[in-house]
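The chain contents come next:
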Amino acid sequence: LARGVREPDLAGRHVVVSAGGTREPLDPVRFLGNRSSGKQGYALARTAAARGARVTLVAANATGLPDPAGVDVVPVGTAVQLREAVLKAAADADAVVMAAAVADFRPAVYAAGKIKKKDGQEPEPIVLVRNPDILAEISADRARSGQVIVGFAAETDDVLANGRTKLARKGCDLLVVNEVGERKTFGSEENEALVLGADGSETPVPHGPKEALADTVWDLVAARLG
Ligand code: CTP
Ligand code: CA
């Protein structure tokens, strides 16, 4: 096959990819957010479609990225909305890849009107509550037997040990661990990672385009789908 043309090894499969980063509103004009660009999740969606899959892309605030051709894009804002969309799409999915950066916390209170300064007064502290852990939930409560579930994690320090601990805690089948550092991960076109399997496997992915990491993820998913 020509370079860039894949065998349709995911034909007949439905895969769900979450991408981007959730935004948790404080008031109508402000939110708590993160720096996820959505590029890795979009690369996963494009490569899965190129390999023949039906793809649902749950996209959290991935503004500026074009909808991949032939992919069903479901836009969401918050972690709670992302959970709803992922659970719905996962019901008949063969694989779910959680590439989105989900906010761990959201403001406990949403102010319906814009929060204003008050003369001579210090600001009120922002109280946060936990968001649902979507990856742990879909892993513990599989919509279909044999469904392959993949998580992503950005780690510093002991990347391997942190990754193994997280994989076990989440209960997913594969965890893509990125080492966070200069010129890596956030907003960049390239990525490098270690993919850990619940079966004990370790697949290093050298520095390269996000498409290459995406193809390695789908190779590992396809092998587990049988
Ligand atoms: N994730 C999720 N729901 C959350 C938080 C994270 O589904 N509320 C998913 C992410 O999409 C990612 C994986 O879990 O695939 C790991 O995210 P990470 O933030 O590394 O995990 P946490 O359990 O939140 O751990 P940490 O305290 O290190 O942030
Ligand atoms: Ca987190």
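Residues numbered from 1 in each chain as written. Chains lettered and ligands numbered in written order. Predicted model: local features only at pLDDT ≥ 70, side-chain atom pairs only at ≥ 80, totals over all residues.

An unreviewed UniProt entry lists the protein chain under the name Coenzyme A biosynthesis bifunctional protein CoaBC, with Streptomyces fuscichromogenes given as the organism.

(A) How the structure looks around the overall build of the protein chain. Of regular secondary structure, the protein chain possesses five helices and 12 strands. Taken over C-alpha atoms, the radius of gyration comes to 18 Å for the protein chain, in line with the 17 Å a tight globule of 226 residues would show. For the protein chain, the spread of C-alpha atoms along the three principal axes comes to 70 × 40 × 35 Å. Per-residue burial for the protein chain yields a buried fraction of 42% across its 226 residues. A fraction of 63% describes how many contacts in the protein chain between residues 6 or more apart in sequence connect residues 24 or more apart. (Helix = DSSP H or I, 4+ residues; strand = E, 2+ residues; numbered from the N terminus. Rg over C-alpha atoms; globule rule 2.2 N^0.38 Å. Buried ≥ 20, exposed ≤ 12 C-beta atoms within 10 Å, placed from the backbone. Contact = placed C-beta atoms within 7 Å.)

(B) Up close: the nonpolar core. With 59 residues, the main nonpolar core has Val17 and Val150 as its most contacted residues. Discounting chain neighbours no more than four positions away, the residues touching Val17 are Gly41, Leu44, Ala45, Ala48, Val55, Leu57, Val97 and Ala99. (Core = buried A, V, L, I, M, F, W, Y, C linked by C-beta atoms within 7 Å.)

(C) Region of the structure containing the sheet that holds strand β4 (residues 54-60). A sheet is described by the order of its strands in space; here eight strands give the open sequence β5-β4-β1-β6-β9-β10-β11-β12, paired in mixed fashion. On the outer flanks of this sheet lie β5 (72-76) and β12 (202-209), each paired with one strand and no other. Adjacent strand axes in the sheet meet at a mean angle of 20°, parallel and antiparallel pairs treated alike. Pairing between strand β6 (residues 95-98) and strand β9 (residues 148-155): four bridges, direction parallel. By the bridge assignment for β9, Ala95 is matched with Val148. Along the sheet, helix α1 (residues 39-50) makes contact with β1 (14-20), β4, β6 and β11 (190-197), crossing β1 at roughly 160°. Its contacts with the sheet place helix α4 (residues 159-170) against β9, β10 (174-179) and β11, and it is angled at close to 150° to β10. (Pairing = 2+ DSSP bridges. Axes fitted to C-alpha atoms, helices over the stretch in contact; angles between N-to-C directions.)

(D) The arrangement of the packing of α1 against helix α5 (residues 210-225) in detail. Running from amino to carboxyl end, α1 crosses α5 at an angle of 60°, the nearest separation of the two axes being 8 Å. Comparing the axis directions of α1 and α5 gives the class oblique. Handedness of the α1/α5 crossing: right-handed. Within the contact between the two elements, α1 uses Lys39, Gln40, Ala43, Leu44, Thr47 and Ala48 and α5 uses Lys210, Glu211, Ala214, Asp215, Val217 and Trp218. Looking at the contact of α1 with α5, its residues break down into six nonpolar, two polar and four charged. (Parallel < 35°, antiparallel > 145°, perpendicular 65-115°, else oblique. Left-handed = near helix turned anticlockwise from the far one by under 90°. Nonpolar A, V, L, I, M, F, W, Y, C, P; charged D, E, K, R; others polar.)

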